[in-house]
Amino acid sequence: MTGALRVRVWRGGEDGHFEAFDVPRRESQTVLDVVTYIQRTLDPSLAYRFACRVGMCGSCAMTVNGKPRWTCRTHVDRVAEGGEVEIAPLRNLPVVRDLVADMREFFDKWARAKGQFAPTRTRADDFAVVKPDSRERREADAGIECIGCGVCYSACDVVAWNRDYLGPAALNRAWTLVNDSRDAGQAERLAAVSGDAGCHSCRTHMSCTEHCPKQISPTRSIAGLKRATMRIALSGEGDER
Amino acid sequence: MSVRHEVRLWVAQRATAAVLAFCVVVHLATIIYAVRGGLTAAEILERTRGNAGLALFYAVFVLAAAIHAGIGLRNVAAEWLGWRGRSARFAVMFLSLLLAMLGLRAVWAVCA
């Protein structure tokens, strides 16, 4: 494969600008390959983030031609429009520099959604038995492959409108734990994911589900949380919060 | 604003949406059925006056609409105008009450 690809890359912070580069086309070239070529060959000052290059670590997500994507598994063939690609940092997150977004609020919200496992057993206890075909196990399985790339968070309009909104990934994580029969933190977790910042602000646009590179449906998880939190509405739990 | 209160508002909005879906269908079907061959104000009042069933149906319709609109506007105010807190709460509560009063007054006018 020959020819050149016209690439417009975001440079600077929030008030930065796009800078154009010409990158040689290669067969099976990914967007991450393009960014790496620019950094190693054309401009070593370009800042970006990656680690595994095989869709496991969730660190290379960027906005490619206006859509959030994992760049290591996104082929240029599929996204180039008229021989051009525009690459920007993830939306809905502060820009550190160039293509690097500040992921702190994204992961802080996982903690606020009580995304930590709260154990009920000690090492003296026997293994917990979780039947693979139980409803809870299957619900958890549907959401558990999240790699924390931030694509859904970047795609979500509710995050843009409401800065407190926990976002699809944190709520999806909470839902996998709600379905964990070994977990002891359910009342606290359901309170944490309710209300204005939580699952009830989801407008079911399904942008998260549409863009998730792992084909997870956070929308489905959030719908599950809405059902689960009905208990709070109908009982006295959560009054003090 | 407690978590329970927020969730209850959410449940109320979903529940009133279900009521509204039913009421709107009945309302539209009734209109389409009733206007066949023309309709006058006198004919409408002839059917609606003293009709307790109709009064009850439209009273439920009005209350569901008032509650649904209030909660919805509260969300719109928060997300699009950044207007939250006590003042926003009172404003939408006032609007809900106004809608309910105007609507119930209209129901009373055609059914009583």
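Quick caveat: nothing in here was measured; it's all calculated off a predicted structure.

### Notes on the overall build of chain A
Helix and strand counts for chain A come out as ten helices and seven strands. Along the three orthogonal principal directions, the C-alpha set of chain A runs to about 65 × 40 × 30 Å. A burial count over chain A gives 42% of its 241 residues as buried. Considering only contacts within chain A whose residues lie at least 6 apart along the sequence, 66% involve residues at least 24 apart.

### Some remarks on the domain arrangement of chain A
All names here are of chain A. Under the domain assignment used here, chain A contains domain 1 (4-101) and domain 2 (104-234). Using C-alpha coordinates to define each centre, domain 1 is positioned 29 Å away from domain 2. The interface is formed by 15 residues belonging to domain 1 together with 15 residues belonging to domain 2. Among the secondary structure elements, those contributing two or more residues to the side of domain 1 that touches domain 2 are strand 3 (61-64) and strand 4 (67-70). With four residues, strand 4 is the largest single contributor of residues to the side of domain 1 that touches domain 2. When grouped by side-chain class, the residues that make up the side of domain 1 that touches domain 2 number seven nonpolar, four polar and four charged.

### Focus: helix 7 (residues 168-178) of chain A
Each turn of an α-helix holds 3.6 residues, which means side chains three or four residues apart point in the same direction. Burial runs high along helix 7 of chain A: eleven of the eleven residues are buried. Along helix 7 of chain A, the positions that sit buried rather than exposed are Pro168, Ala169, Ala170, Leu171, Asn172, Arg173, Ala174, Trp175, Thr176, Leu177 and Val178 of chain A.

### Topic: the sheet that holds strand 2 (residues 17-24) of chain A
All names here are of chain A. In spatial order, the strands read 2-1-5-3-4; together these five strands make up an open sheet with mixed pairing. The sheet is open, and its two edges are formed by strand 2 and strand 4, each paired on a single side. Strand-to-strand twist across the sheet, computed as the mean angle between neighbouring axes with direction ignored, equals 35°. With four bridges joining them, strand 3 and strand 4 adopt antiparallel strand pairing. Looking at strand 4, one finds that Ala61 is bridged to Trp70. Helix 1 (residues 31-42) rests against strand 1 (4-11), strand 2, strand 3 and strand 5 (84-88) of the sheet, and its axis sits at about 95° to strand 2.

Rules behind the numbers
Residues numbered from 1 in each chain as written. Chains lettered and ligands numbered in written order. Predicted model: local features only at pLDDT ≥ 70, side-chain atom pairs only at ≥ 80, totals over all residues. Helix = DSSP H or I, 4+ residues; strand = E, 2+ residues; numbered from the N terminus. Buried ≥ 20, exposed ≤ 12 C-beta atoms within 10 Å, placed from the backbone. Contact = placed C-beta atoms within 7 Å. Domains from an automatic or database assignment. Nonpolar A, V, L, I, M, F, W, Y, C, P; charged D, E, K, R; others polar. Pairing = 2+ DSSP bridges. Axes fitted to C-alpha atoms, helices over the stretch in contact; angles between N-to-C directions.

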